[in-house]
There are 2 protein chains.
Amino acid sequence: MSKYAIVVEYIGTNYAGSQIQPGQRTIQSELEKALSTLIIGGINPPRIKTIFSGRTDAGVHAKGQVVHFMTEEPIVASRFLNSLNGILPKDISVSSIEEVSENFHAQKSGKFRQYQYKIVNRQYRSAWDNHSLLVRNPLNIQRMNKALSYLIGEHDFTSFKSTQATDTAKVCIVYKAECTKNGDEIIFEIIANRFLYNMVRVITGTLLMIEKKDFAPEKMREILESKDRTKAGPTISPDGLTLIKVGYEPYNKIENTNTMEITEK
Amino acid sequence: MSKYAIVVEYIGTNYAGSQIQPGQRTIQSELEKALSTLIIGGINPPRIKTIFSGRTDAGVHAKGQVVHFMTEEPIVASRFLNSLNGILPKDISVSSIEEVSENFHAQKSGKFRQYQYKIVNRQYRSAWDNHSLLVRNPLNIQRMNKALSYLIGEHDFTSFKSTQATDTAKVCIVYKAECTKNGDEIIFEIIANRFLYNMVRVITGTLLMIEKKDFAPEKMREILESKDRTKAGPTISPDGLTLIKVGYEPYNKIENTNTMEITEK
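Residues numbered from 1 in each chain as written. Chains lettered and ligands numbered in written order. Predicted model: local features only at pLDDT ≥ 70, side-chain atom pairs only at ≥ 80, totals over all residues. Heavy atoms only, no water.

Trainee: Looking at this model, I keep getting lost on the overall build of chain A. Mind explaining?
Mentor: Helix and strand counts for chain A come out as five helices and ten strands. Radius of gyration (C-alpha) of chain A: 19 Å, near the 18 Å computed for a compact globule of 265 residues. Counting only C-alpha atoms and orienting by the principal axes, one finds that chain A spans roughly 60 × 40 × 35 Å. Burial status across chain A gives 53% buried among its 265 residues. Restricting to contacts in chain A with at least 6 residues of sequence separation, those with at least 24 account for 68%. As displayed, chain A has an accessible area near 12,300 Å², and 49% of this comes from carbon and sulfur atoms. Across chain A, the centroid of the 34 positively charged side chains sits 5 Å from that of the 29 negatively charged ones. (Helix = DSSP H or I, 4+ residues; strand = E, 2+ residues; numbered from the N terminus. Rg over C-alpha atoms; globule rule 2.2 N^0.38 Å. Buried < 20%, exposed > 50% of the residue type's maximum accessible area, 1.4 Å probe, protein only. Contact = heavy atoms within 4.5 Å. Areas by Shrake-Rupley, 256 points an atom, 1.4 Å probe, with all protein chains shown as cover. Lys, Arg positive; Asp, Glu negative; His and termini not counted. Charge placed at Lys NZ, Arg CZ, Asp CG, Glu CD.)

And the structure:
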């Protein structure tokens, strides 16, 4: 048996999230169908099983989702990627494949995850706006970055976790949480060792609530420390959210480029 | 009567082009419906008639299409734009409105038009590719720009004009024709006083044919001088093509920024 890791890109708009669910169209179900068709030639049932680095909600996108699977069939990378992209739906693609060691695990070996939330900050919507949230009230990047600075480090993120989460995890280490502005486009980037259910969407919703209500940036610290979901802002639309990268080497501020490297270091 | 000019953006994918055609869904028909609803409150038939700076083909997009219309009703810009964008389909929007002098004409007053064609040059398609053409064979920007240099100036562009064009125009002045590369994305930009039917798509198709067949860049001059449509390349997919700007001041290399100014100078 060989183990392979692939980097998967998708527009999540037309899917009920990444994870397989009975009767639903998901990224995982489409991917397993395509892999099984290509590698084994049969999809009833799909016999190639995949492990994702993590679950993304319905409507959330990815540029760097990492997935592993095992097979006994030999794979020639370039031909394989062309064929795989040929049979996947248009809104899912695979940008690379790599054979990995048997102890690699797409989820458990992951050291950090990088997400981006895209906001357009202007008065009118545009036909060209896509996978972003339109915010009409003027946003102040300096204030937003001040508010986000309170999230850096190891904290209990209960305030920013969906009350419907079934697991008990609550502590994460946030390495980076920062907004950058380019014209009327604001990209909120957050990197952490892991994320709780709905965490990026609740943090973004809270950040926008703080700006809208003109609270001091310190409000973010207060909400974090309260460990109370009801103090935080709304779970904002998934459409602006994209999983950019999963890192398998320890997070390093300087070395962390946007290369989609999946080899463990 | 007052005359207004608006800047219209659209994703052309789901439309049979910009121009009204009986029984077809077009940018102009949707825009006239929305304007008539908003200004007059009735759409049967739409009583606000619009003049476009020029026609765009089915599937072609715009970020800076300029359109004028006349009305006796007073218009308050900010409220008007919000309402208009509220009732237009999601893939059409209006970014500005300005009252213009009675001798302004969206088409006849236009001094230049700027188009962009977006190419992605890599081996595999991506779920994130949109409004672009995937080209797998490696493209050489230097060679492409050399080929394009032969188009600059005043020429008879018969070779690059659809044989189905009904008008007799054939001479255009090309001010700029250049490719720029950013990662695996290539933007072909062309600015001319006017364009013939299918001209940008045929020029792009010819440019890609020259690269693919490994012809010398001088092939472009030879094709131009032949004044023979059969010598040029195919009319390439409309999906990569976007009308960026219509200029109402004389074209000036240095001053020409990307502002969407519609006032005549």
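Trainee: Mind showing me how you'd approach helix 1 (residues 27-39) of chain B here?
Mentor: Note that an α-helix has 3.6 residues per turn; residues three or four places apart therefore point the same way. Residue and element names in this part refer to chain B. Taking 1.5 Å of rise per residue, 13 residues should cover 18 Å, and helix 1 covers 18 Å from first to last C-alpha, within 8% of that figure. Regarding helix 1, the residues found buried are Ile27, Gln28, Ser29, Glu30, Leu31, Glu32, Ala34, Leu35, Ser36 and Ile39. Packed against the buried residues of helix 1 are strand 1 (2-10), strand 2 (50-52), strand 3 (61-71), helix 2 (77-87) and strand 4 (92-100). Looking one or two residues beyond helix 1, the residue adopting positive phi is glycine 41, at roughly 85°. (Expected span 1.5 Å × (residues − 1).)

Trainee: How should I be thinking about the packing of aromatic side chains in this particular structure?
Mentor: The description of an aromatic ring pair rests on the distance of the ring centres and on the angle between the ring planes. Per the stated rule, a full pass over the model turns up twelve aromatic pairs over all chains. Note on tyrosine 115 of chain B and phenylalanine 195 of chain B: the rings are 5.1 Å apart at their centroids and 85° apart in plane angle, and the pair reads as edge-to-face. Taken as a pair, tyrosine 115 of chain B in strand 5 (residues 112-121) and phenylalanine 195 of chain B in the loop between strand 9 (185-192) and helix 4 (199-212) lie far apart in primary sequence, 80 residues in all. The burial state of tyrosine 115 of chain B is the same as that of phenylalanine 195 of chain B; both residues are buried. Aromatic pair phenylalanine 157 of chain B and phenylalanine 160 of chain B: ring centres 6.1 Å apart, planes at 50°, arrangement tilted. Comparing phenylalanine 157 of chain B with phenylalanine 160 of chain B shows no difference in burial state: the two are buried. An aromatic cluster is present here, built from Phe112, Tyr175 and Tyr251 of chain A joined pairwise through their rings. The residue whose ring lies beneath lysine 63 of chain A is tryptophan 128 of chain B, and the NZ or CZ to ring-centre distance is 4.4 Å. The aromatic ring of phenylalanine 215 of chain B is capped on one face by lysine 219 of chain B, whose charged end is 4.7 Å from the ring centroid. (Phe/Tyr/Trp six-rings, centres within 6.5 Å; stacked < 30°, edge-to-face > 60°. Lys NZ or Arg CZ within 6 Å of the ring centre and 35° of its normal.)

Trainee: Sorry if this is basic, but what is going on with the interface of chain A and chain B here?
Mentor: Interface size, as often reported, equals the accessible area lost upon joining of the parts. On the chain B side, the residues contacting the 27 residues of chain A number 28 residues. Taken together, the two surfaces of chain A and chain B that pack against each other cover about 2,000 Å², and 51% of this comes from carbon and sulfur. If you sort the residues of chain A by the area they bury against chain B, Tyr124, Arg125 and Trp128 of chain A come out on top, with a joint share of 41%. Linking chain A with chain B are zero salt bridges, by the criterion used here. (Buried area = accessible area lost by both parts, 1.4 Å probe. Salt bridge = Lys/Arg side-chain N within 4 Å of Asp/Glu carboxyl O.)

Trainee: Just to check I follow, could you spell out the packing of helix 4 (residues 199-212) of chain A against helix 5 (residues 219-226) of chain A for this structure?
Mentor: In a packed pair of helices, the relevant descriptors are the angle between the two axes and the axis-to-axis distance. Residue and element names in this part refer to chain A. Relative orientation of the contacting elements helix 4 and helix 5 amounts to 140°, with a least axis distance of 10 Å. Here helix 5 runs oblique to helix 4, going by the angle between their axes. Considering the relative orientation of helix 4 and helix 5, their crossing is right-handed. Residues Ile203, Thr206, Leu207, Met209 and Ile210 of helix 4 pack against Lys219, Met220 and Ile223 of helix 5. (Axes fitted to C-alpha atoms, helices over the stretch in contact; angles between N-to-C directions. Parallel < 35°, antiparallel > 145°, perpendicular 65-115°, else oblique. Left-handed = near helix turned anticlockwise from the far one by under 90°.)

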